[in-house]
Amino acid sequence: MITATDLKRTRTRRGETQEQFAAHFGVKRTTILNWETRGPPASGPAKPLIERVLAELCDKSPHEAAE
């Protein structure tokens, strides 16, 4: 299960702002703020999207992901 801490840690390790990180998911910055504060959705359509995007980001350097 992905936690709020996991999301924030991934974003900060990549050196991205919440707005930049949000672009990977196609959501607004406030959504990332909510996910980092309250945690990402535990179910529903956003859950597999979050898991897939995080897996992709972990496989790429910040520069590669921005391309």
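Cut-off values and rules
- Residues numbered from 1 in each chain as written.
- Predicted model: local features only at pLDDT ≥ 70, side-chain atom pairs only at ≥ 80, totals over all residues.
- Heavy atoms only, no water.
- Salt bridge = Lys/Arg side-chain N within 4 Å of Asp/Glu carboxyl O.
- Buried < 20%, exposed > 50% of the residue type's maximum accessible area, 1.4 Å probe, protein only.
- Helix = DSSP H or I, 4+ residues; strand = E, 2+ residues; numbered from the N terminus.
- pLDDT = per-residue confidence, 0-100.
- Contact = heavy atoms within 4.5 Å.
- 1 Å grid on protein atoms, 1.4 Å probe; cavity = no way out; pocket = protein on both sides within 12 Å on 5 of 7 lines; lining within 4 Å.
- Points joined across faces, edges and corners; volume = space filled by probe spheres on them.
- Axes fitted to C-alpha atoms, helices over the stretch in contact; angles between N-to-C directions.
- Parallel < 35°, antiparallel > 145°, perpendicular 65-115°, else oblique.
- Left-handed = near helix turned anticlockwise from the far one by under 90°.
- Nonpolar A, V, L, I, M, F, W, Y, C, P; charged D, E, K, R; others polar.
- Phe/Tyr/Trp six-rings, centres within 6.5 Å; stacked < 30°, edge-to-face > 60°.

Engineer: Tell me about the pattern of salt bridges, and name the residues and values.
Structural biologist: Evaluated as defined, the whole model comprises five salt bridges. A salt bridge links Arg-14 to Glu-16; the shortest N-O distance between them is 3.2 Å. Assessed through its relative accessible area of 8%, Arg-14 is described here as buried. According to the relative accessible area criterion, Glu-16 is buried, its value standing at 11%. In this structure, Lys-47 and Glu-51 form a salt bridge, with 3.5 Å as the shortest nitrogen-oxygen distance. Taken together, the residues span about one helical turn, with Lys-47 and Glu-51 both in helix H4 (residues 46-58) at a distance of four residues.

Engineer: Tell me about the confidence of the model for the protein chain, and please be specific about residues and values.
Structural biologist: Taken over all residues, the pLDDT of the protein chain has a mean of 87, while the share at 70 or more is 88%. Per-element confidence in the protein chain is highest for helix H3 (residues 29-38), whose mean pLDDT is 96, and lowest for helix H5 (residues 62-66), whose mean pLDDT is 46. Here residues 63-67 scores under 50 on pLDDT; set against residues more than four positions off or in separate chains, the count is five contacts.

Engineer: Any chance you could break down empty space enclosed by the protein for me, citing the residues and the numbers?
Structural biologist: Scanning the model with the defined rule gives one cavity of 30 Å³ or more in all. In this structure, the largest cavity encloses a volume near 60 Å³. In this structure, the largest cavity is lined by Met-1, Ile-2, Pro-40, Pro-41, Ala-42, Lys-47, Ile-50 and Glu-51.

Engineer: Provide a residue-level description of the packing of helix H1 (residues 4-14) against H3, including the pertinent values.
Structural biologist: At their nearest, the axes of H1 and H3 sit 6 Å apart, and the two run at 125° to each other. By the criterion of interaxial angle, the relationship of H1 to H3 is oblique. Of the two elements, H1 crosses H3, and the hand of that crossing is left-handed. Contact residues: Ala-4, Leu-7, Lys-8 and Arg-11 in H1; Ile-32, Trp-35, Glu-36 and Thr-37 in H3. Grouping the constituent residues of the contact of H1 with H3 by class yields four nonpolar, one polar and three charged.

Engineer: Account for the packing of aromatic side chains, with residues named and values stated.
Structural biologist: Centre-to-centre distance and the angle between the planes together describe a pair of aromatic rings. Taken as a whole and judged by the stated rule, the model has two aromatic pairs. Centroid distance Phe-25 to Trp-35: 5.5 Å. Interplanar angle 90°. Geometry classified as edge-to-face. Here the residue Phe-25 occupies a position in helix H2 (residues 18-25), and Trp-35 occupies one in helix H3, the gap between them amounting to ten residues. For the pair Phe-25 and Trp-35, one class covers both residues: buried. Among the aromatic residues, those joined into a cluster by ring pairs are Phe-21, Phe-25 and Trp-35.

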